[in-house]
Amino acid sequence: MKNSSKRFKQKISNSLNVATMVVGLSISSAISLPVWASDAVHQFEISAGPLSQTLHQLALTSGITLAFEPEQVAGKTAAALQGSFTPEAALETVLRGSGLQVRSVAGGYTLVPEGAVADVVEPGPDTPADKVLKLVPLAVDSTALPSTTEGTNSYTTGSMNTATRLGLSIRDTPQSVSVVTRQLIDDMQLESLTDVVNTVTGITARSQDSSRNSFSARGFAISNYQIDGVATTWEGGWAAGESQMDTVLYDRVEVVRGASGLIAGAGNPSAAINLVRKKADSKEFIGHAAISAGSWDRYQGTVDLSTPLNEAGTIRGRVVGSYLEERSFMDLMENEKTVLYGTLAADLSDNTLLNVGVSQQQNKPTGSTWGGLPVWFSDGGRTNWSRSKTNAADWTEWSSTHTNYFANVEHVFDSGLKLYAGYSKNINDADLRLLYLSGAPDRATGLGLSASPAWYDVEREQDNIDIYASLPFDFAGQSHELTVGFLHSKQDLKTWNRPRTAVAPGSFYEWDGSYPEPEWGDKTTYTTQKTKQVGGYAVARLTLADPLKLILGSRVTNWERSGMKWNGERYQFNHHQVVTPYAGLIYEINDVYSTYVSYTDIFNPQDAQDRHGNYLDPIEGKNYEAGLKAEYLQGRVNAMLSVFRIEQDNLAQNDVGYLVPGSTNQASYAAEGTTSKGFEMEVSGAITDNWNVLVGWSQFRAEDASGSGVNTDYPRRTATLFTTYRVNQLTVGGGVNWESSSYTMATNPLGQAEKLKQDSYALVRLMAKYQLTPALSAQLNINNLFDKKYYINYGFYSQLAYGAPRNANLTLRYDF
C-alpha cells in the first residue's frame, strides 16, 4: 500500500490508542533476544523501499527486537541493503538521511531522533521505572505487514481486496486465495499473465493459438479479471493478446478461487484474477535497470524508476519501461513487445491521496498462428508433428495495443471513514492478418487442407467507475467494519473484416509459410457488441465475539448486452436486479489457526447457442466452501486447506456433431445439475531467513446430473512447487508444475466421435542468482529442464499445439 495510505491507517491506530508497533521478532521464539545475540553478522538482500518495510525485513532477518513509534517512519524510504552486516551496522545504514538513529536498550533496539539526548537506559537495581523502555515481545500480525510486496522479499502479503474490499489478511479471507508476489515473479521470471496463471495453485491455462490463452479453475473457465480491483473482461473469440499482459507493471497478482460475484458481478465460479499495479510511493530516487538474453534470440531491456517531484515528497512519480525482441521454437514466429507505464501520486493533504497514470503495451508478433496443427490424417490416423512445425504464413500477424488510463482519489477521515472514487478506461486495438488451415491432410501426399485467410480489425473500449466507502466502528464492545460500493462498466466491442480470395495451400509436408497473401477488399463492419453492467453492493465484517467474525454482504446487478453477429443477426440480453448474496464465517482457533465457511450465488450470462440456434439461459448456481488457515512464524508463512462444492445449471457443453445453424460454430447444450467438488492446499512464505517456499495441490471432480464428466479438457489434479535458498551471495531455486491427464471429445475425419487425450506431465524449472555487488546481480532461469513434449492445446477445432521445449534466460540487474 502507498506510504500515505499507511499514514492514514496510522492515524486511525493512534485514535485507538495504539502507541507502539513492534516488528522483527525472533523467528524461533517470541521472547526478545539478549543484546549480545545481535553481534552476529547476517547476510542482507533487501531492495530499496519504504523504511517501515525495510526495518521489518531487517529485524526478521537478524532476529532482533525493534520498537518504534509509527509516526517516526511514516512517509520515509530506505536505500537497498545488500551484503553482510551486524544488526547495528545494518540499522545505521538504512537510517542514513532519515533523521533517525538507533539506540540499544534492554532486550533490543529503539529509534530516536538524530542528536537526541538519551532518555532510555539499560535497567539496573537503582534505575527509575519511568526511565526504562519496556519492549513487549508481541507477535507481528500479518495485517501489520504492507499489502505492497515490492522490497519485502516475501512470498506473501499483509492484506488483499479482491474478495470483499475489506482489506483482509489471507487468513481472515473466507475463501481459498493465492498471492503471486513481486519476489516470486522475479525469482521465477514470470513475464506474462499466462506465466503467472501456470504457477497458481489450482489454475490451468490452455492455448487457442499463438496469441490467445484461456484459463480455468475448479472445472470452469475464468472470466473475472481485475486491474487494481476494477473488473475488466474480454471475449475469448476476439481476445488479442490480453493473456500476454506483461508483469513488469504489477506489484502482485491476487487470485481468489471460487465465485466472486460480490465485487465482480456476473462470472463463473472458478476464480477472480486481480492485477495490482506498482505505485509511486518513494520519497527518494530509487529504481533498477535490467537486461536479459535467452533462447531463440530473446533479448529484453527493462527500467523502473521512482522519484519525488518536490522537496517534501508529497508529489511522486514512477516510470516503467520494457522492450523485448524474440524468435520462437516455432518456425517463422517472431515477436516485438514494448511496455510503458507512468504514474503520479500526490498527497493533497495528510488524509487525501490522488493517483493518476497511463500504461500501454504494444505486441507486434509476426508468423502468428490461428488455431493449431491437424490432429488427424484423412484416414483417421493420428499425426505426430515436430514442435517447430507451424501453420502460419510469413505475412500473418496478431498485432495489438493495450492502453489503460486511470485516476483515483481516497480520503480518510479522523474517524476512520475511508472514501474512494476511481475511473479507468481500457482501449484494446488489434490488427489481425491471419491464415486458418483446416481439414485433415493425406498421409502420403500431405494434400487436402483448406485455407481461410482473414484480416480483422478489433477495437474494444471499456469505461469503469468504482466508488466505495468503508467505515470501521465499535458496537457492543467489539470492532466492526462496513463497506458500501457502486461499480459501473460499459464496454463497446467492434470488429471489421475484408473480402478476399483463397487458393489451396498445397502439401502440408512442404509447408514453409510462403502461402501468398491475398488481395484484400475494403473493410466492412463484421460484428458489434455493447455490454453494460451496473452493480451496488454492501458488505460488513462483524465481530460476534473475540474469536468469531461474520462477513455478510450482497450485490444487486443489472447486466445488458446487445449487438450484431457476423451474419447480420441482431441480439439483445437483459438481466436486471440480479441479487448475489455473500456470507463468510471465520473462527479464530488460536493465534495461529482459524477456520471458515462461506457461501455465495452464481450468475453468468452466456452467448452459447444450441443446435437450433437458440441462446442458452444464464448459468445459475451456488458456491459452498470451508477451510482451515494458518499463519506461522509471525505471519511469514501462510497455509490453507479448503474444500468446496459448486452447483450450477445451464452450463454450456459441446454438442458433438452439431453446428449452430448458418455458421461454423460448435453447437452447445445446457448441462443440468452440474456439480464440482474438491479440495485445495497451499503453503507459501519464508521458512527461514534464507528459505522461501511455495507448495500447492488442487483436485476436483466435475459432473452433470447423470454422472458424466463436464469440461473434461481441464485437468482434475494439479500440483505446484517452487523454492529458493540463499547462501551468502548465492540464491538457488527450483520447482515443478504437474497436472493430471485430461481429454476432450471430437469428431475425426471418418465421422466418429474420438477422445483426444493429454497424458499427465510435469515441467521442471531451475534458477540461480548471484549478487555480484550490493547493487548488481546475475540470474539464470531454465524452464522445462527435461525437455518434456506436451500439448498446450488439443482438440480446439480438432487441432493441437505444443508447449515450449527446454529454454533458458540470463538477466543482469542493477539496483539504484
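Reference entry: report on the structure contained in this document. Nothing here was measured: the structure is a model prediction, and the numbers come from that model.

Below, the discussion takes up the sheet that holds strand S11 (residues 213–217). Read across the sheet, three strands follow the order S10-S11-S12 without closing on themselves; strand pairing throughout is antiparallel. At either margin of the open sheet sits one strand with a lone partner, and together these are strand S10 (203–207) and strand S12 (220–221). Pairing of S11 with S12 involves two bridges; the strand directions are antiparallel. Pairing of Ala-217 across the sheet is with Phe-220, part of S12.

When two helices pack together, you describe them by how their axes are tilted relative to each other and by the distance separating the axes. Look at helix H2 (residues 51–62) against helix H4 (residues 87–94): their axes get within 11 Å of each other, and the N-to-C directions meet at 170°. Relative to H4, the element H2 lies roughly antiparallel. For the pair formed by H2 and H4, the contact residues are Leu-51, Thr-54, Leu-55, Leu-58 and Ser-62 on the first element and Pro-87, Ala-90, Leu-91 and Val-94 on the second. A per-class count over the contact of H2 with H4 returns seven nonpolar, two polar and no charged.

On to the sheet that holds strand S22 (residues 373–374), then. Taken in spatial order, the three strands of this open sheet run S22-S44-S43, and their pairing is antiparallel. With one partner strand each, in any of the chains shown, S22 and strand S43 (791–794) form the two edges of the open sheet. Bridging between S43 and strand S44 (residues 799–802) involves three bridges; their strand directions are antiparallel. The residue bridging Asn-793 from the neighbouring strand is Ala-801, located in S44.

With that settled, the discussion passes to a negative patch on the surface. Where like charges cluster on the molecular surface, the negative patch consists of Asp-617, Glu-620, Asp-649 and Glu-672. Along the polypeptide, Glu-672 turns up in the loop between strand S34 (666–671) and strand S35 (674–688). Residue classification places Glu-672 among the partly exposed positions, given a relative accessible area of 40%.

Relative to the helices and strands, Thr-495 is located in strand S26 (residues 478–497). There is a polar contact of 2.5 Å between the side chain of Thr-495 and the side chain of Thr-527. Those residues in contact with Thr-495, other than ones at most four positions away along the chain, are Trp-238, Asp-457, Val-458, Thr-524, Thr-525, Tyr-526 and Thr-527.

Time to look at the environment of Asn-590. Here Asn-590 shows up in the loop between strand S29 (570–588) and strand S30 (593–604). As for Asn-590 and Pro-547, which are separated by 43 residues in sequence, their C-alpha atoms are 8.0 Å apart. At 2.8 Å, the side chain of Asn-590 and the backbone nitrogen of Val-592 are in polar contact.

Right, let's get into a nonpolar patch on the surface. On the surface, a nonpolar cluster with roughly 800 Å² of combined accessible area is contributed by Ile-291, Trp-691, Tyr-725, Val-727, Leu-730, Val-732, Tyr-770, Leu-772 and Leu-812. When contributions to the nonpolar patch are tallied by element, the ones reaching two or more residues are strand S37 (717–727) and strand S38 (730–739). Structurally, Tyr-725 is set in strand S37.

For the coordinates displayed, the defined rule picks out 27 aromatic pairs. Judged by centre distance (6.1 Å) and plane angle (85°), the rings of Trp-370 and Tyr-456 are edge-to-face. In this pair, Trp-370 is assigned in the loop between strand S21 (352–363) and S22 and Tyr-456 in strand S25 (residues 450–475), connecting sequence segments 86 residues apart. Both residues of the pair, Trp-370 and Tyr-456, belong to the buried class. Between Phe-508 and Trp-511, the aromatic rings sit 6.4 Å apart at their centres with planes inclined by 35°, giving tilted as the arrangement. Just as Phe-508 is buried, Trp-511 falls in that class too. Clustering of aromatic rings is evident, with ring pairs tying together Phe-377, Trp-385, Phe-508, Tyr-509, Trp-511 and Tyr-515. Sitting over the face of the ring of Phe-508, Lys-389 holds its NZ or CZ atom 4.4 Å from the ring centroid. Over the aromatic face of Tyr-802 sits the side chain of Lys-789, whose NZ or CZ is 4.8 Å from the ring centroid.

Quick look at the pairing of strand S9 (residues 177–181) now. Of all five residues that make up S9, five are buried, and the element is covered over most of its length. Residues of S9 alternate between two faces, with Val-177, Val-179 and Thr-181 on one and Ser-178 and Val-180 on the opposite face, all of them buried. With five bridges connecting them, S9 and strand S15 (residues 250–257) associate as antiparallel partners. Residue pairing across strands places Val-179 opposite Glu-254, the latter belonging to S15.

This brings us to the pattern of salt bridges. For the structure on display, the rule yields 40 salt bridges. Close ionic contact of Arg-218 with Glu-625 constitutes a salt bridge, the shortest N to O distance being 3.1 Å. Placement of Arg-218 in the loop between S11 and S12 and of Glu-625 in strand S31 (residues 619–632) is noted, with a sequence separation of 407 residues between them. Residue Arg-218 shares its accessibility class with Glu-625, and that shared class is buried. Here Asp-379 and Arg-443 are joined by a salt bridge, their closest N and O atoms 2.9 Å apart. Of this pair, Asp-379 sits in the loop between S22 and strand S23 (397–412) while Arg-443 is found in the loop between strand S24 (418–438) and S25, placing the two residues 64 residues apart along the sequence. Several salt bridges converge on common partners, so that one network encompasses Glu-191, Asp-246, Arg-298, Glu-326 and Lys-337.

In this structure, Asp-297 is a non-glycine residue whose phi angle is positive, near 55°. The class for Asp-297 is partly exposed, based on a relative accessible area of 38%. For Gln-577, which is not glycine, the phi dihedral falls at a positive 50°. Along the chain, Gln-577 turns up in strand S29. Using a relative accessible area of 62% as the deciding quantity, one classes Gln-577 as exposed.

Reading the values: the criteria
Residues numbered from 1 in each chain as written. Predicted model: local features only at pLDDT ≥ 70, side-chain atom pairs only at ≥ 80, totals over all residues. Heavy atoms only, no water. Pairing = 2+ DSSP bridges. Helix = DSSP H or I, 4+ residues; strand = E, 2+ residues; numbered from the N terminus. Axes fitted to C-alpha atoms, helices over the stretch in contact; angles between N-to-C directions. Parallel < 35°, antiparallel > 145°, perpendicular 65-115°, else oblique. Contact = heavy atoms within 4.5 Å. Nonpolar A, V, L, I, M, F, W, Y, C, P; charged D, E, K, R; others polar. Patch = residues over 30% accessible without salt bridge, like charges linked within 9 Å, V, L, I, M, F, W, Y side chains within 5 Å. Areas by Shrake-Rupley, 256 points an atom, 1.4 Å probe, with all protein chains shown as cover. Salt bridge = Lys/Arg side-chain N within 4 Å of Asp/Glu carboxyl O. Lys, Arg positive; Asp, Glu negative; His and termini not counted. Charge placed at Lys NZ, Arg CZ, Asp CG, Glu CD. Buried < 20%, exposed > 50% of the residue type's maximum accessible area, 1.4 Å probe, protein only. Polar contact = N/O pair within 3.5 Å; in protein donor to acceptor, adjacent residues only side chain to side chain. Phe/Tyr/Trp six-rings, centres within 6.5 Å; stacked < 30°, edge-to-face > 60°. Lys NZ or Arg CZ within 6 Å of the ring centre and 35° of its normal.

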